[in-house]
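# Geometric and topological summary
Each chain, written out:
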Amino acid sequence: MEFTDKFHDECGVVGVFGQSEAANLTYLGLHALQHRGQEGAGICSSDGRVLYIEKSMGLVADIFSEKRLKRLPGSLAIGHNRYSTAGSSVLKNVQPIVVNYSLGSLAIAHNGNLVNALELRKELESKGAIFQSTSDSEVIIHLIASSTAGGLYERITDALGKICGAFSLLIMTENELIAIRDPYGFRPLSIGKHDGGYAVASETCAFDLIGAEYMRDIEPGEMVIINDKGIRSMKPLYAKKHAFCIFEFIYFSKPDSCIFGNQNVNHIRKELGRQLARENPIEADLVIPVPDSGVPAALGYAEQSGIPFDFGLIRNHYIGRTFIEPKQAIRHFGVKLKLNPVRKLLEGKRIIVIDDSIVRGTTSKKIVKMLKEGGGAKEVHLRISSPPTIGPCFYGIDTPTRKELIASTHTPEEIKKYITAESLSYLSMDGLLKVVANPEQYCSACFDNKYPLLSLQDKEEQIELF
Ligand code: AMP
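Residues numbered from 1 in each chain as written. Predicted model: local features only at pLDDT ≥ 70, side-chain atom pairs only at ≥ 80, totals over all residues. Heavy atoms only, no water.

### Structural notes on the domain arrangement of the protein
When its domains are assigned, the protein resolves into domain 1 (12–240) and domain 2 (265–436). The straight-line distance from the C-alpha centre of domain 1 to that of domain 2 is 35 Å. Counting residues at the interface gives 11 residues for domain 1, matched by seven residues for domain 2. Between domain 1 and domain 2 the total buried area reaches about 680 Å² when both faces are included, carbon and sulfur atoms providing 55% of it. In terms of surface lost to domain 2, no three residues of domain 1 exceed N113, F186 and R187, which account for 49% of the buried area on that side. The tally of links between domain 1 and domain 2 comes to zero salt bridges. At the boundary of domain 1 and domain 2, one finds one residue pair in polar contact (both at pLDDT 80 or more). When its residues are assigned to classes, the side of domain 1 that touches domain 2 shows four nonpolar, five polar and two charged. (Domains from an automatic or database assignment. Contact = heavy atoms within 4.5 Å. Buried area = accessible area lost by both parts, 1.4 Å probe. Salt bridge = Lys/Arg side-chain N within 4 Å of Asp/Glu carboxyl O. Polar contact = N/O pair within 3.5 Å; in protein donor to acceptor, adjacent residues only side chain to side chain. Nonpolar A, V, L, I, M, F, W, Y, C, P; charged D, E, K, R; others polar.)

Encoded structure:
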């Protein structure tokens, strides 16, 4: 098989054990985690004898009808939301992946990227393994199935010893649910109690919707086994160093979730906004967010600076995947579809605009133009609630290549000129680390190029770069 797809797995996972409507609850959990992936979704359930699977491209609410959920019986289920990225937007990559192997059936749902998936895949293929997808997660299932270690836990441990990278992983058999987090703890994964049963999810906002009570995080390097005998914890992976993804706080997780030791995402984002105001004050009339990602930080900035907060850009939430552009081209059509300035509020004013990050810089440039041309703003001062994004993520956040990250090749002053703002400031790295608990436990490679793990290819690229 030609292997052209990039490994991108910016996803959400949910598991439910010991509930009569496990698939329905998993469906709700996936809906709460829809922000973690919109390309496709799937649910695998078990009635104790057989695994049932339903998966499709699209959004959770569009994929699962009542009829389809009825085809997922049993009190155990896992689900997965997959993120949309170029090249790999195909049904074969939608999870959970289900296989039959010598010990029975197995389903897997994975969030994170493995850094050695390519090498492992080549090795497995050379031994005769046939891959159905281009997803790195399939490597894990092949390693488990082909392991010569004794029972399932031993096989999983054997497989985990070979994979390297980010994995918040749910594995299910006919009668048990296994939740695993890689030793660095890159991606979040929490466990909750639910009516005598259990739920596991990437983020706690999934627990809120299904009425589960947060118990704790699955620890880095931990494997939690849930079956009829109860819940058991094993530590098959030695946690060398924690590397929680700081970008989960900045952009990716939902503000209502609590992650990485029960820290509320909204609270952290607001504090980032406060810190940004302390570091980068400017005289202005109004603080506005780029909705939705900049809202909590803008509130924090406004509270700290004493400058009034308002919604100067209104977001249309009902944009489908494709939208027919009128024949006569409209300037900045894409961003205009999503955002519209409130002219009556902005006209003649000095505006501070808060966004969480600049990636390529194209959104910021269009927003500044929109605020000035459509909104009539007198001055636009852009404040970013994270440091300049200079490095791609190899652990599961979908970022473009290093060359495409504007801050990797341009200074803030150059970016300011490019986006035509009156001023531009980013949060400092120290400021960012001040806000989170135990700052030494984070991966912030996208801001400081300090990668906890690299693939062989990435290592070569790094050598060229530095
Ligand atoms: P850009 O136009 O490429 O600079 O994109 C900046 C916008 O993308 C900001 O408003 C961010 O909230 C958003 N953003 C940041 N990281 C990501 C990501 N990994 N995937 C999608 N959007 C992102």
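### Here's the deal with the state of the cysteines
Note: disulfide means a covalent bond formed between the sulfur atoms of two cysteine side chains. Taken as a whole, this structure holds zero disulfides when the rule is applied. Cysteine C245 is unpaired, with the sulfur of C393 as its nearest cysteine sulfur at 5.8 Å. On the basis of relative accessible area, C245 is assigned to the buried category, the value being 6%. (Disulfide = S-S within 2.5 Å. Buried < 20%, exposed > 50% of the residue type's maximum accessible area, 1.4 Å probe, protein only.)

### Overview of the environment of N264
Relative to the elements of secondary structure, N264 occurs in strand 16 (residues 263–264). On a C-alpha basis, the gap between N264 and F249 in space is 8.7 Å, while along the polypeptide they are 15 residues apart. With near-sequence residues (within four places) excluded, N264 lies in contact with P255, D256, S257 and C258. Of note is the side chain of N264, whose polar atom sits 3.0 Å from the backbone oxygen of P255. (Helix = DSSP H or I, 4+ residues; strand = E, 2+ residues; numbered from the N terminus.)

### What to know about the pattern of salt bridges
All told, the structure shown has 23 salt bridges when counted by the stated rule. Across the pair E219 and K235 runs a salt bridge, and its minimum N-O distance is 3.0 Å. Within this pair, whereas E219 is found in the loop between strand 11 (213–217) and strand 12 (223–227), its partner K235 is found in the loop between strand 13 (230–234) and strand 14 (244–245), the two being separated by 16 residues in sequence. In this structure, R274 engages E303 in a salt bridge whose closest nitrogen and oxygen atoms are separated by 2.4 Å. Of this pair, R274 sits in helix 9 (residues 265–279) while E303 sits in helix 10 (residues 295–305), and the two are 29 residues apart along the sequence. One network of salt bridges, in which partners are shared, links R36, R187, E203 and E248.

### Some words on the nonpolar core
Residues F186, F249, V287, I354 and Y395 are the most contacted members of the largest nonpolar core, which totals 44 residues. At the level of secondary structure, the elements contributing two or more residues to this core comprise strand 14, helix 8 (246–252), helix 9, helix 10, strand 20 (350–355), helix 16 (429–435), strand 23 (442–443) and helix 17 (445–448). Residue-level mapping places this core at the junction of two domains, with at least three residues from each of domain 1 (12–240) and domain 2 (265–436). Judged by nonpolar contacts, the second largest core, of 29 residues, contains I97, L124, V139 and I225. (Core = buried A, V, L, I, M, F, W, Y, C linked by side-chain atoms within 4.5 Å.)

### Considerations on the packing of helix 5 (residues 137–146) against helix 6 (residues 152–162)
As a packed pair, helix 5 and helix 6 sit with axes 8 Å apart at the nearest point and diverge in direction by 130 degrees. By the angle class used here, helix 5 and helix 6 are oblique. Viewed along their axes, helix 5 and helix 6 form a crossing whose handedness is right-handed. Here I140, L143, I144 and A145 of helix 5 lie close against helix 6, whose contacting residues are L152, R155, I156, A159 and K162. Looking at the contact of helix 5 with helix 6 residue by residue, the class counts come to seven nonpolar, no polar and two charged. (Axes fitted to C-alpha atoms, helices over the stretch in contact; angles between N-to-C directions. Parallel < 35°, antiparallel > 145°, perpendicular 65-115°, else oblique. Left-handed = near helix turned anticlockwise from the far one by under 90°.)

### Focus: the sheet that holds strand 10 (residues 197–201)
On the basis of which strands lie adjacent, the open sheet formed by seven strands has the order 3-2-4-1-10-9-11 and antiparallel pairing. Edge positions in the open sheet fall to strand 3 (51–57) and strand 11, since each of these has one partner strand only. Pairs of neighbouring strands in the sheet enclose a mean axial angle of 15 degrees, with direction left out of account. Here seven bridges tie strand 2 (residues 40–46) to strand 3, and the two strands are oriented antiparallel to one another. Looking at the pairing, S45 lines up with Y52 of strand 3. Of the strands in this sheet, strand 1 (12–17), strand 2, strand 4 (76–82) and strand 9 (190–194) are in contact with helix 1 (residues 22–32), which crosses strand 4 at around 25 degrees. (Pairing = 2+ DSSP bridges.)

### Observations regarding the site of the ligand
As a matter of local geometry, the ligand sits amid 16 residues, with D355, D356, R360, G361 and T363 nearest to it. Between S293 and the ligand, the recorded distance is 3.1 Å, taken from a side-chain N or O atom to an oxygen atom. Between the ligand and T362 there is a distance of 3.0 Å, counted from an oxygen atom to a side-chain nitrogen or oxygen. Protein chains bury 85% of the 510 Å² of accessible surface belonging to the ligand in isolation. (Near = heavy atom within 4 Å. Areas by Shrake-Rupley, 256 points an atom, 1.4 Å probe, with all protein chains shown as cover.)

### Points about helix 5
Across the 10 residues that make up helix 5, a large majority, eight, are buried. Within helix 5, burial applies to S137, E138, V139, I140, I141, H142, L143 and I144. Where helix 5 is buried, its residues meet strand 5 (97–101), strand 6 (104–111), helix 4 (117–126), helix 6 and strand 7 (168–172).

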